[in-house]
Amino acid sequence: SPATGALGSWKFDPELESIYRDVTNLRTEEAIIRLRKITDKPREHYRLYLQTLAECLTLLITEDEKRFEEFERNFKKRVELLESEPESAETLFLQAEINLQRAFCHLNLSQDFNAIITFRQAYNLINDCLRKYPDFIPARKTSGVIQVMVGAVPDKYHWFMALLGMKGSVRTGQRQLNELRTAGLSLSMEAAILYYVIKGFINQQFRECSDGMADLLKIEPNNRLLLFLTINFMIKNHQSEDALKLIRSLDQNSKGLPLVYIDYLRADILLQKADYPKAIQAYNR
């Protein structure tokens, strides 16, 4: 079983790595069922991380409010469990990470006030973790995302961030994600995806983002999350033909959460190609 608690390390064993692939392939229901069977103490922190990630991705894609009620119950149990343990790099990292995932879910359901409160909690926890355990590399994923999100807030809202006691920098966040991306840990692929998503969404560097995502697809060609994101950024980079090929690849790889938005992107591309009957079919779907 993996060595939990070693500073700087976060490596899944083969079973957990396989479940992690299920999660990032958006086969989250399958992953959650498999995770319920893992009950041994040495892998408990990894299980908590993967369960929360799987539930968060499911919520973000399905926008199912009933699932959110279950997510909230699970969130409270997990926080209580982590707070009952002796403080360590991992307990602080996990508390920050699951608060960040919860903030994303609040945002997605338009619960803006709750999102801000939960996000600030994640900010304080991860800064505490980095201050006390600077060599714990996985914390740079959570911190990197938070740094970028706070750093990307428009100037006219900086007073509000200052009021909440939060400071951030897009550049610092990208550097932290890059450090994890190249560290060879189990979270390196996740950090790489986030690194390129920020290049695209925040920096508007669509070419660099699209090329980076395409390189990640060479490593995991059937990864549905990667396919979905690469399609989005190829369209933004005026690579509609390449995007359409990946959409067809996704059609052959439909097991998991339904990606309804892909039909909208397909319709947009077909409309550009003046293939109106097929575009209308896709819009209808």
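Please refer to the structure placed before this passage.
First, a word on scope: everything that follows refers to the structure included in this document. (Residues numbered from 1 in each chain as written. Predicted model: local features only at pLDDT ≥ 70, side-chain atom pairs only at ≥ 80, totals over all residues. Heavy atoms only, no water.)

**With respect to the overall build of the protein**
- A tally of regular secondary structure across the protein gives 15 helices and zero strands.
- Scaling as 2.2 N^0.38, a compact globule of 285 residues should have a C-alpha radius of gyration of about 19 Å, and the protein matches this with 19 Å.
- Expressed as lengths along the three principal axes of its C-alpha atoms, the size of the protein is roughly 60 × 50 × 35 Å.
- Taken across its 285 residues, the protein has 54% of its residues classed as buried.
- Within the protein, counting contacts between residues at least 6 apart in sequence, those at least 24 apart form 63% of the total.
- Element-wise, carbon and sulfur atoms account for 53% of the exposed surface of the protein, whose accessible area totals about 14,000 Å².
- In the protein, the 38 positive side-chain charges and the 37 negative ones have mean positions that sit 2 Å from each other. (Helix = DSSP H or I, 4+ residues; strand = E, 2+ residues; numbered from the N terminus. Rg over C-alpha atoms; globule rule 2.2 N^0.38 Å. Buried < 20%, exposed > 50% of the residue type's maximum accessible area, 1.4 Å probe, protein only. Contact = heavy atoms within 4.5 Å. Areas by Shrake-Rupley, 256 points an atom, 1.4 Å probe, with all protein chains shown as cover. Lys, Arg positive; Asp, Glu negative; His and termini not counted. Charge placed at Lys NZ, Arg CZ, Asp CG, Glu CD.)

**Regarding the packing of aromatic side chains**
- Inspection of every chain in the model, using the stated rule, returns 14 aromatic pairs.
- Summarising the aromatic geometry, the rings of W10 and F93 are spaced 5.2 Å apart at their centres and angled 85° between planes, so their arrangement reads as edge-to-face. With W10 in the segment before α1 (14–24) and F93 in helix α5 (residues 89–108), the pair connects residues that are 83 residues apart, well separated along the chain.
- Here Y261 and Y264 contribute two aromatic rings whose centre-to-centre distance is 5.6 Å and whose plane-to-plane angle is 20°, an arrangement assigned as stacked. Taken as a pair, Y261 and Y264 lie in helix α14 (residues 261–272) at a separation of three residues, close to a single helical turn.
- Taken together, the aromatic side chains of W10, F12, Y20, Y46, Y49, F93 and F136 make up a single cluster linked through ring pairs. (Phe/Tyr/Trp six-rings, centres within 6.5 Å; stacked < 30°, edge-to-face > 60°.)

**Examining the layout of surface pockets**
- Considered as a void within the structure, the largest pocket measures approximately 1,200 Å³ in volume.
- Contributing to the lining of the largest pocket are 34 residues, with L60, F104, L194, V197 and L229 lying nearest its centre.
- Secondary-structure elements contributing two or more residues to the lining of the largest pocket are α3 (44–62), α5, α7 (139–151), α10 (188–201) and α12 (224–236).
- When its residues are assigned to classes, the lining of the largest pocket shows 25 nonpolar, five polar and four charged.
- Within this model, the second largest pocket holds a volume of roughly 360 Å³.
- I32, E55, E70, N74 and R78 are, among the 18 residues lining the second largest pocket, the residues nearest its centre.
- Secondary structure elements with two or more residues in the lining of the second largest pocket: α2 (28–36), α3 and α4 (65–84). (1 Å grid on protein atoms, 1.4 Å probe; cavity = no way out; pocket = protein on both sides within 12 Å on 5 of 7 lines; lining within 4 Å. Points joined across faces, edges and corners; volume = space filled by probe spheres on them. Nonpolar A, V, L, I, M, F, W, Y, C, P; charged D, E, K, R; others polar.)

**With respect to the nonpolar core**
- Core analysis: the biggest nonpolar cluster contains 84 residues, and W10, F12, Y49, F93, M213 and I231 have the highest contact counts within it.
- The dominant element in this core, judged by the number of residues it contributes, is α12, at nine residues.
- Excluding residues within four positions of it along the chain, I231 makes contact with A243, L246, I247, L250, I262 and L265.
- In terms of nonpolar packing, the next biggest core, distinct from the first, is built from six residues, C56, L59, C105 and L109 among them. (Core = buried A, V, L, I, M, F, W, Y, C linked by side-chain atoms within 4.5 Å.)

**Describing helix α13 (residues 240–251)**
- In this model, α13 (12 residues) spans 16 Å end to end at C-alpha, consistent with the 16 Å of a helix rising 1.5 Å per residue.
- Restricting attention to buried positions, one finds in α13 the residues S240, A243, L244, L246, I247 and L250. Take α13 and look down its axis: the buried residues cluster within an arc of 165°, on one side only.
- Next to the buried residues of α13 lie α11 (206–219), α12 and α14. (Expected span 1.5 Å × (residues − 1). Arc of directions from axis to C-beta.)

**Notes on the environment of L60**
- By secondary structure assignment, the location of L60 is in helix α3.
- Judged by relative accessible area, L60 falls into the partly exposed class, the value being 29%.
- Residues L60 and F104, spaced 44 residues apart in sequence, show a C-alpha to C-alpha distance of 7.9 Å.
- Those residues in contact with L60 that lie beyond four places of it in its chain are F104, C105 and N108.

**Comments concerning the environment of I61**
- Its place among the elements puts I61 in helix α3.
- A sequence separation of 196 residues divides I61 from L257, and the C-alpha atoms of the two residues are 7.5 Å apart.

Geometry only, nothing functional implied.
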